[in-house]
Each structure stands twice: as C-alpha cells, then as structure tokens.
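Analysis of the macromolecular model
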Amino acid sequence: TVGSRTVPSSSSSGAARLLPLARWIPLPRSPTRKTPAKVISFLAAVLHKKGTREDIENNMPEFLLRSIKKATPASAPKKMFLIVAPLSVLYNWKDELETWGYFKVIILHGNKKDNGLIRLKQRKCEIVLTTYETLRLCLHELNSLEWSAVIVDEAHRIKNPKARVTEVMRALKCSVHIGLTGTILQNNMKELWCVMDWAVPGLLGSRSYFKKQFSDPVEHGQRHTATKRELATGRKAMRRLAEKMSGWFLRRTKTLIKDQLPKKEDRMVYCSLTEFQKAVYQTVLDTEDVTVVLESSQPCTCGSGRKRRSCCHKTNSYGETVKSLCLSYLTVLRKIANHVALLQVAGTSKNQETLTKRICDQVFSRFPDFVQKSKDAAFETLSDPKYSGKMKVLQQLLNHFRKTRDKVLLFSFSTKLLDVLQQYCMASGLDYRRLDGSTKSEDRLKIVKEFNNTQDVNICLVSTM
Ligand SMILES: [Zn+2]
C-alpha cells in the first residue's frame with residue numbers, strides 16, 4: 001500500500017478535488033526506497049567517481065595522496081553535499097552510500113555531532129548525512145560552509161509555510177535544492193506550493209499569487225457545482241501549472257521497475273472470533289452504555305417526538321455523550337476482535353483510561369480465569385491462540401512458512417499486540433527479530449540485515465507506526 005496516501009490533510013476544500021491533478025502534472029511518486037540509489041548515482045557523477053580503486057586512493061588524506069601521485073591536480077574546490085533525512089532512514093542512506101560507491105561520508109547526529117562538525121569544517125568529507133533535528137541545532141555552523149547541493153529526503157515535511165521545519169529549511173544557505181518524496185503532493189495545492197517554493201524559490205510566485213492564479217481556479221473547477229466556464233478555467237490553470245513545473249519534477253512510478261520486482265499476490269484472510277472473544281464481545285454489547293447508544297435513535301419516552309439522544313437521554317449515567325460513547329466502544333470492539341489482551345492497554349487520554357477500566361471491570365468480572373492469568377503476569381498464556389481468532393490463523397500460516405523456509409514480516413499497528421506475538425514466538429521456539437518505535441535507529445539496519453541473511457531468523461515483527 002505504499003504511496004496510497006491520497007487523502008489530503010486539509011479537509012477545508014471539499015472532497016471533490018482529489019484526483020484530477022495527478023493526471024496533469026507529472027509529479028514524483030517514488031514509492032520504493034530506490035530513491036537513494038538514484039541520488040547516489042547523481043552524486044557519483046558530479047563527484048567524478050570512477051567506481052574503481054582510484055576512488056579509494058583519492059579518498060586518502062592529502063599528504064598521503066601527494067606521496068603517491070606525483071602530480072596532484074591543482075586542488076579544485078572540493079564539492080560537499082548535504083543530505084537531510086529522517087532519523088529512521090539515516091543509517092539506510094549510509095548503508096546505500098557504502099554499497100554503491102566510495103564516498104567520504106560524515107554522519108552528523110547525536111552526541112558525536114560536535115566531532116563531525118570539526119571534521120566537516122576542515123572539509124574532510126564529500127557527503128554529510130544529517131537529520132532535520134540536527135540541521136536545526138547546527139544551522140549556524142552549516143551555514144558557514146559552502147554546499148554544492150542539499151538533498152532532502154521525505155521533502156513533503158516542508159509542506160506548511162508556518163512550520164518550524166520549513167523555516168529552518170528555508171534558512172539553510174544553498175543554491176541547489178533537491179527534494180525527494182513518495183507522497184503525492186499534487187493533492188493539496190497549498191502544500192505543493194510550499195514544497196516547490198522551497199525547492200525552486202519563486203517558481204510558482206508568491207503564495208497569494210499562486211492562490212489566485214492556480215489553486216483557486218483549479219479548486220473551483222473541481223466543485224460539483226462548477227459552471228462550464230469555471231471548469232474550463234480550472235483546466236487551463238492546471239495545464240499552466242503542469243507546464244511551469246515540468247522542468248523541475250522527475251516522477252518515478254513503480255511501473256518503471258515493475259519487471260524487476262517479484263510478482264505480488266494479495267490475499268485477504270477473514271478470521272472468525274474464538275468462543276472466548278465472542279463471549280467478551282457479547283458482554284460488551286450487553287452493557288448499559290452500548291444499550292444507550294443502540295437506542296439513541298429511537299423516539300424519546302417522554303413523547304416529545306424527538307430522538308432519545310437529543311432529548312432526555314443525551315448521556316449515560318456518567319454524563320458521557322452518545323457520540324463519545326459510540327467512538328469509544330467502536331475502539332473497544334475492534335480491540336476485542338484483534339485480541340482481548342489489548343483491552344488492558346492504557347488509553348490515550350485520561351477519559352479513555354477511566355472508560356476502559358470501567359469496561360474491563362464489567363467485562364472481566366465474567367471471566368475470572370482470564371483476569372487471573374493477566375494478573376499473574378502469565379503473559380505467555382495470553383499468546384495462546386485460543387484467545388484470538390487471528391492468532392489461530394496466524395499459527396497455521398507461520399507453521400506453513402516455517403516448513404517452506406519463507407521469510408515472514410509480521411506487521412501490527414499495536415506494539416502491545418506485538419508483545420503478544422513476541423511471546424508466541426518465544427513459546428514456540430521461533431527465532432525472530434523485532435522493529436518498533438523503541439528500536440534505536442543505529443540498530444535497525446543490523447536487525448534488517450540479520451533478518452535477511454540469517455537462515456534461522458524467519459520472522460520479523462514490525463510496528464506499522
Ligand atoms: Zn425526552
């Protein structure tokens with residue numbers, strides 16, 4: 001599903017303006033992590049790399065170089081490039097650079113950044129890798145150096161003109177800006193303007209000019225109520241916009257490399273609830289709160305003719321509104337459908353936590369056995385597939401893939417569920433790896449490599465967050 005984030009983040013301009021622009025403007029869509037390789041080949045070219053031993057020799061310190069090569073070319077001003085990337089892919093960049101060429105790279109991040117700054121002030125490198133955060137912290141120092149180009153990965157972060165990150169990126173002194181993104185920018189004109197104005201300042205004019213000339217006409221033309229004239233003006237504006245940007249965008253879709261990728265097969269497996277889940281689910285449906293929600297559309301008992309939820313039964317006995325109850329209970333039911341253990345996770349807000357506790361108290365009073373097991377911290381018992389229909393299916397799948405020695409990436413939105421799955425792996429003697437938000441960025445690559453290269457490691461648990 002990479003690259004399918006087509007919903008614009010601003011909802012103010014209506015839903016109708018989603019798709020058409022994509023047809024007109026050849027914007028970048030590079031959903032694979034092939035992007036580093038393309039940037040690296042560009043860097044290799046402009047740094048005159050040859051891909052041979054000579055590159056390594058040329059990377060040696062100046063004095064050594066002079067002893068080897070009698071005639072050192074009159075030292076041309078050395079080019080230096082800055083790559084800004086989210087921390088999550090910083091070491092991936094380093095790894096790719098090492099894979100594809102011989103570059104002198106400095107990582108500017110974390111507690112070693114002062115050391116890095118000293119080295120790069122002496123221009124002892126060709127490529128500096130850093131994060132958005134470190135760039136902000138070291139902006140002054142980085143601005144005192146001359147950069148041949150700055151390459152920004154996940155450039156869609158520069159989408160809000162007022163955001164700190166945009167201010168910092170604008171304040172960085174460099175005349176060549178290259179932005180990479182896998183997000184479809186053209187779905188939101190305001191964001192598109194902001195990213196483009198950073199990459200090629202002034203290309204699309206000022207914000208108000210852009211609004212008047214492009215985004216307003218395009219948006220008006222896409223309304224359901226648009227007149228023929230508005231439609232025509234909108235299309236014209238889109239064409240002009242596409243023309244203006246055509247020299248500055250390189251769009252890469254997956255179809256270009258389709259023949260190089262293995263065939264993909266998507267299968268949806270529906271898993272039914274276990275008896276235990278069904279019992280818990282029913283208990284929740286039977287609660288007073290859910291009854292309040294379910295009856296909320298019925299005519300009120302007072303005979304006013306209005307619906308219960310907008311008359312005498314606006315809230316439950318705790319004063320919680322039907323609307324908030326509805327959302328809370330949808331979440332609760334979804335958790336039960338995944339794994340009952342998820343119910344015991346602390347909610348995101350204080351309110352939710354109180355609610356969850358109340359529900360747990362009500363529900364689990366009927367399942368003392370389950371509660372006792374949770375209390376005993378006998379967490380592994382929770383990883384028993386009998387508590388979750390999905391786990392039952394998963395167990396069979398994993399057994400199958402184990403036999404065929406296939407590698408399995410197991411994703412979950414919930415790290416709590418990953419905990420359960422991890423327990424399951426341990427209990428079943430499966431060698432696994434795990435990646436989530438708490439995995440240190442420098443460890444990530446190691447984990448990925450171990451997963452890819454170790455024969456006995458066949459499962460990697462990954463949090464989608
Ligand atoms: Zn009433």
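Residues numbered from 1 in each chain as written. Predicted model: local features only at pLDDT ≥ 70, side-chain atom pairs only at ≥ 80, totals over all residues. Heavy atoms only, no water.

Per an unreviewed UniProt entry, the protein goes by Helicase ATP-binding domain-containing protein and derives from Jaculus jaculus. Quoted verbatim from the Subcellular location (unreviewed entry) field of the UniProt record, the comment on the protein reads "Nucleus". Entered under Sequence similarities (unreviewed entry) in the UniProt record, the comment concerning the protein runs "Belongs to the SNF2/RAD54 helicase family." (UniProt positions renumbered as here; feature names shortened; annotations may be inferred.)

It is worth spelling out the overall build of the protein at this point. Counting secondary structure elements, the protein contains 21 helices and eight strands. Counting across all 465 residues of the protein, residues that qualify as buried make up 41%. Here the analysis covers contacts within the protein between residues at least 6 apart in sequence; of these, 69% occur between residues at least 24 apart. Carbon and sulfur atoms make up 54% of the accessible area of the protein, which totals about 27,200 Å². (Helix = DSSP H or I, 4+ residues; strand = E, 2+ residues; numbered from the N terminus. Buried < 20%, exposed > 50% of the residue type's maximum accessible area, 1.4 Å probe, protein only. Contact = heavy atoms within 4.5 Å. Areas by Shrake-Rupley, 256 points an atom, 1.4 Å probe, with all protein chains shown as cover.)

Let's shift gears to the coordination of the zinc ion. At the metal site, the zinc ion is ligated by Cys 300 (SG), Cys 302 (SG), Cys 311 (SG) and Cys 312 (SG), and these contacts range over 2.1 to 2.3 Å. Around the zinc ion sit four donor atoms, and with donor-metal-donor angles ranging over 104 to 114° the site reads as tetrahedral. Spacing between the donor residues of the zinc ion along their common chain follows C-x1-C-x8-C-C. With Cys 300 in the loop between α14 (288-294) and α15 (322-338) and Cys 312 in the loop between α14 and α15, this pair connects stretches of sequence that are 12 residues apart. (Donors = N, O, S within 2.8 Å, 3.2 Å for Na, K, Ca; no water. Tetrahedral: all angles 85-135°; square planar, octahedral: opposite > 155°, others 65-115°.)

The next subject is the side chain of Ser 296. Among the structural elements, Ser 296 can be located in the loop between α14 and α15. One polar contact links the side chain of Ser 296 to the main-chain carbonyl oxygen of Val 293, over a distance of 2.8 Å. Those residues in contact with Ser 296 that sit more than four places away from it in its chain are Lys 307, Arg 308, Arg 309 and Val 322. (Polar contact = N/O pair within 3.5 Å; in protein donor to acceptor, adjacent residues only side chain to side chain.)

If you walk through the whole model with that rule in mind, you get two aromatic pairs. Arranged with centres 5.5 Å apart and planes meeting at 40°, the rings of Phe 210 and Phe 214 form a pair that is tilted. Taken together, the residues span about one helical turn, with Phe 210 and Phe 214 both in helix α11 (residues 207-221) at a distance of four residues. Per residue, the accessibility class of Phe 210 equals that of Phe 214, and both read buried. For the pair Phe 276 and Tyr 387, a centre-to-centre distance of 5.0 Å together with 75° between the ring planes defines the contact as edge-to-face. Here Tyr 387 lies in the loop between α18 (379-382) and α19 (389-404) and Phe 276 lies in helix α13 (residues 275-285), a separation of 111 residues in the sequence. Among the residues examined, Phe 276 registers a relative accessible area of 15% and is labelled buried. Geometry around Phe 451 places Lys 407 over its ring, the cationic atom sitting 5.2 Å from the centre. (Phe/Tyr/Trp six-rings, centres within 6.5 Å; stacked < 30°, edge-to-face > 60°. Lys NZ or Arg CZ within 6 Å of the ring centre and 35° of its normal.)

What follows concerns the sheet that holds strand β5 (residues 177-180). In spatial order, the strands read β2-β3-β1-β4-β5; together these five strands make up an open sheet with parallel pairing. Only two strands of the sheet have a single partner each, and these edge strands are β2 (105-108) and β5. Adjacent strand axes in the sheet meet at a mean angle of 20° when their direction is disregarded. Where strand β4 (residues 149-153) lies against β5, four bridges are found, and the strand directions are parallel. Opposite Val 152, over in β5, you have Gly 179 as the bridge partner. Running at roughly 145° to β5, helix α10 (residues 189-199) makes contact with β4 and β5 of the sheet. (Pairing = 2+ DSSP bridges. Axes fitted to C-alpha atoms, helices over the stretch in contact; angles between N-to-C directions.)

Ranked by size, the top nonpolar core spans 44 residues in total, and within it Leu 82, Leu 120, Leu 142, Trp 147 and Val 152 carry the most contacts. At eight residues, α10 tops the list of elements feeding residues into this core. In this structure Trp 147 touches Met 80, Phe 81, Leu 82, Leu 120, Val 128, Leu 142, Lys 173 and Cys 174, once residues within four positions along its chain are discounted. Membership of the second largest hydrophobic core comes to 35 residues, among which are Phe 276, Val 280, Val 420 and Leu 430. (Core = buried A, V, L, I, M, F, W, Y, C linked by side-chain atoms within 4.5 Å.)

Contact pair α11 / helix α12 (residues 228-245): the axes reach a minimum separation of 7 Å and the direction vectors enclose 130°. As judged from the angle between their axes, α11 and α12 are oblique. α11 and α12 meet at a crossing whose hand is left-handed. Contacts between α11 and α12 involve Phe 210, Gln 213, Phe 214, Pro 217, Val 218, His 220 and Gly 221 from the first element and Glu 230, Leu 231, Thr 233, Gly 234, Ala 237, Met 238, Arg 240, Leu 241 and Lys 244 from the second. Residues of the contact of α11 with α12, tallied by class, amount to eight nonpolar, five polar and three charged. (Parallel < 35°, antiparallel > 145°, perpendicular 65-115°, else oblique. Left-handed = near helix turned anticlockwise from the far one by under 90°. Nonpolar A, V, L, I, M, F, W, Y, C, P; charged D, E, K, R; others polar.)

Turning to the pattern of salt bridges, a few remarks are in order. A side chain with one charge can pair with a side chain of the opposite charge if their charged atoms come near. Counted according to the given criterion, the structure contains 13 salt bridges. With a shortest N-O distance of 2.9 Å, Arg 434 and Asp 419 are connected by a salt bridge. Residue Arg 434 is located in strand β7 (residues 432-435), and its partner Asp 419 is located in helix α20 (residues 415-427); the two are separated by 15 residues in the primary sequence. What makes Arg 434 buried here is its relative accessible area of 16%. With relative accessibility at 29%, the residue Asp 419 sits in the partly exposed group. Salt bridges sharing partners connect three or more residues here, namely Asp 419, Arg 434 and Asp 436. (Salt bridge = Lys/Arg side-chain N within 4 Å of Asp/Glu carboxyl O.)

This paragraph deals with a positive patch on the surface. A surface patch of positive charge is lined by Arg 229, Arg 235, Lys 236, Arg 239, Arg 240 and Lys 244. By the secondary structure assignment, Arg 239 is in helix α12. Taking the relative accessible area as the measure of exposure, Arg 239 reaches 40% and is therefore partly exposed. (Patch = residues over 30% accessible without salt bridge, like charges linked within 9 Å, V, L, I, M, F, W, Y side chains within 5 Å. Lys, Arg positive; Asp, Glu negative; His and termini not counted. Charge placed at Lys NZ, Arg CZ, Asp CG, Glu CD.)

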